Each structure stands twice: as C-alpha cells, then as structure tokens.
Amino acid sequence: MEYNIFLIAIIALNVIVSFKGFEDQFFFRKYQFHIGSIRSGEQARMITSGFLHVDIPHLAFNMLTLYFFAPIVYGYLGSYSFVLIYFASLIFGSLLTLYFHKDDYSYGAVGASGAVTGIVYSAILLEPRLQIYGFIPGYVFGIIYLLYSIYGMKAKRDNIGHTAHIGGAIGGYIFTLMKDQTLFFDNTFIVIVLAVPILIMAVMAKQGKL
C-alpha cells in the first residue's frame with residue numbers, strides 16, 4: 001500500500017486518543033458522544049467521540065478496516081478528498097445519531113465506525129469490481145451491511161452504534177458523488193443500488209418504524 005501521511009495521521013490520532021481514554025475515565029467521559037451534554041452545548045463531542053474506542057479490539061477493527069479501504073478512496077480522489085469524506089462521514093454519523101436519540105439524554109457512544117463506514121461506502125462506489133473477503137461483491141456487502149444496521153436500529157438489542165454506521169454511509173455516499181459526479185454515468189448501477197438501503201431507512205423513519 002502506498003504510504004499516505006493523512007491516513008497514518010488519522011490512525012495515529014485514533015490510537016493516541018483511545019489509549020488516553022482507556023487509562024483516564026474522566027477524559028473518556030468528557031469527550032464521548034453523550035446526548036445530554038451535546039444538547040447542553042458541547043457539540044465538539046460529536047467529533048471527539050469518533051476518536052475514542054471502548055477497548056483495543058474495537059479500535060483495531062476500525063483501524064484495520066480503514067487501513068484496507070482508504071487507499072481506494074485517496075487513490076481515486078486524492079488525499080484531501082479522503083480526509084473530507086472521512087470527517088463528513090463522522091459528522092453525518094453523529095448527526096443522525098443525535099436525531100434518532102435526541103430525547104434519550106443518557107445515550108452515549110464512542111468509535112470511528114461512522115467515519116470508517118463512510119470510507120467503505122465511498123470505496124465501493126469508486127471501485128465497482130471491489131470484492132469483500134475475496135468473493136463478495138462490494139455493493140452486495142454494502143447493501144447487506146446497511147440493511148443489518150437498519151435492523152439493529154429497530155431491534156435495539158445490542159450496544160452497537162447502528163445509527164452512526166448508516167449516517168456515516170450516507171456521508172460517504174453523498175460526498176463521494178459530489179467529488180466525482182462522473183460516477184452517476186460510469187457506475188450508475190452501483191450508485192442506484194447503494195441508495196436503496198438509505199431510502200429504506202428514510203421511509204421507515206418517516207413512518208415512525210425506527
């Protein structure tokens with residue numbers, strides 16, 4: 001993989017902030033995503049929480065996923081667009097989480113999953129021949145992953161931030177298409193099918209089913 005200073009910097013920041021949070025619970029609580037604190041004016045948590053993780057496996061999974069998918073994004077769009085999509089996905093994930101949990105003042109979350117999901121979705125858009133695990137078409141993986149996230153949002157049976165995943169995917173989807181509008185014509189099928197789970201989520205939300 002080509003060395004990229006921006007990717008290394010993002011991974012390093014996640015590692016440094018996460019390990020600080022592992023050792024210092026006051027630091028962790030101060031910068032985690034927390035609805036009550038955000039609604040009282042601490043909006044910076046919507047970004048800082050994306051660099052905290054619960055434990056080393058959580059951190060490692062997100063960073064390894066980012067490490068493998070990021071080269072596709074900055075390979076096609078360049079480093080600055082990669083950084084833009086990463087942070088846009090992080091913010092979209094936080095905004096969607098805030099929207100769905102705005103009345104649950106005790107709700108808290110951490111992790112780069114929203115940002116990383118946005119990068120994964122961006123990579124799938126940019127590389128239609130992408131294979132996940134060597135045999136699953138990227139767009140199939142993207143659809144299944146978001147449909148599972150929608151199910152997780154509705155079921156509320158675990159502590160996974162499914163809403164952030166969907167918000168991150170939306171951010172990655174929108175900003176990738178903004179940066180490369182030729183995808184509408186070159187990868188039309190992928191653009192359409194990746195929009196399907198996003199539209200399903202929007203319709204279910206409008207009907208009050210989430």
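Residues numbered from 1 in each chain as written. Predicted model: local features only at pLDDT ≥ 70, side-chain atom pairs only at ≥ 80, totals over all residues. Heavy atoms only, no water.

Student: Looking at this structure, how should I read the overall build of the protein?
Tutor: Within the protein, the regular secondary structure consists of eleven helices and four strands. For the protein, whose C-alpha radius of gyration is 17 Å, the value lies close to the compact-globule estimate of 17 Å for 210 residues. Each principal axis of the C-alpha distribution contributes one length, and for the protein these read about 50 × 45 × 30 Å. By residue count, 49% of the 210 residues in the protein fall in the buried class. Considering only intrachain contacts with a sequence separation of at least 6, the fraction spanning at least 24 residues in the protein is 76%. (Helix = DSSP H or I, 4+ residues; strand = E, 2+ residues; numbered from the N terminus. Rg over C-alpha atoms; globule rule 2.2 N^0.38 Å. Buried < 20%, exposed > 50% of the residue type's maximum accessible area, 1.4 Å probe, protein only. Contact = heavy atoms within 4.5 Å.)

Student: Hey, could you run me through helix H7 (residues 113-126) in this one?
Tutor: An α-helix turns once per 3.6 residues; consequently, residues spaced three or four apart project the same way. Helix length check: H7 (14 residues) gives 20 Å between terminal C-alpha atoms against 20 Å at 1.5 Å per residue, within 8%. For H7, a buried count of 14 out of 14 residues is recorded, marking the element as mostly surrounded by other parts of the structure. (Expected span 1.5 Å × (residues − 1).)

Student: Any chance you could explain the packing of aromatic side chains here in plain terms?
Tutor: One pass over the structure, following the stated rule, counts 15 aromatic pairs. With a centroid separation of 5.3 Å and 85° between ring planes, the pair formed by Tyr139 and Phe189 is classed as edge-to-face. Pair noted here: Tyr139 is in helix H8 (residues 138-155) and Phe189 is in helix H11 (residues 188-206), with a separation of 50 residues, a long-range link. A cation over a ring is seen here: Lys20 above Phe27, with NZ or CZ 5.8 Å from the ring centre. For Lys102, the ring lying beneath its charged end belongs to Tyr99, and the centroid distance is 4.6 Å. (Phe/Tyr/Trp six-rings, centres within 6.5 Å; stacked < 30°, edge-to-face > 60°. Lys NZ or Arg CZ within 6 Å of the ring centre and 35° of its normal.)

Student: So what exactly am I meant to see when it comes to the packing of H7 against H8 here?
Tutor: Each pair of packed helices gets described by two things: the angle between the helix axes and the distance between those axes. Packing of H7 against H8 leaves a shortest axis separation of 9 Å and a crossing angle of 145°. Relative to H8, H7 is oriented so that their crossing is left-handed. Residues Thr117, Val120, Tyr121 and Ile124 of H7 pack against Gly138, Tyr139, Phe141, Gly142, Tyr145 and Leu146 of H8. Across the contact of H7 with H8, the residue classes break down as seven nonpolar, three polar and no charged. (Axes fitted to C-alpha atoms, helices over the stretch in contact; angles between N-to-C directions. Left-handed = near helix turned anticlockwise from the far one by under 90°. Nonpolar A, V, L, I, M, F, W, Y, C, P; charged D, E, K, R; others polar.)

Student: Honestly, the side chain of Ser94 in this entry has me stumped. Any pointers?
Tutor: Mapped onto the elements of the fold, Ser94 is located in helix H6 (residues 79-101). When near neighbours in sequence (up to four residues on either side) are disregarded, Ser94 contacts Phe33 and Met46.

Student: What am I meant to see in the pattern of salt bridges here?
Tutor: Pairing is possible between side chains that carry opposite charge, provided their charged atoms lie close to one another. Applying the stated criterion across every chain, the model contains four salt bridges. Its salt-bridge partner being Lys20, residue Asp24 comes within 3.5 Å of it at the nearest N-O pair. Asp24 gets classed as partly exposed once you look at its relative accessible area, which sits at 23%. Accessibility expressed as a relative area gives 38% for Lys20, which makes it partly exposed. (Salt bridge = Lys/Arg side-chain N within 4 Å of Asp/Glu carboxyl O.)

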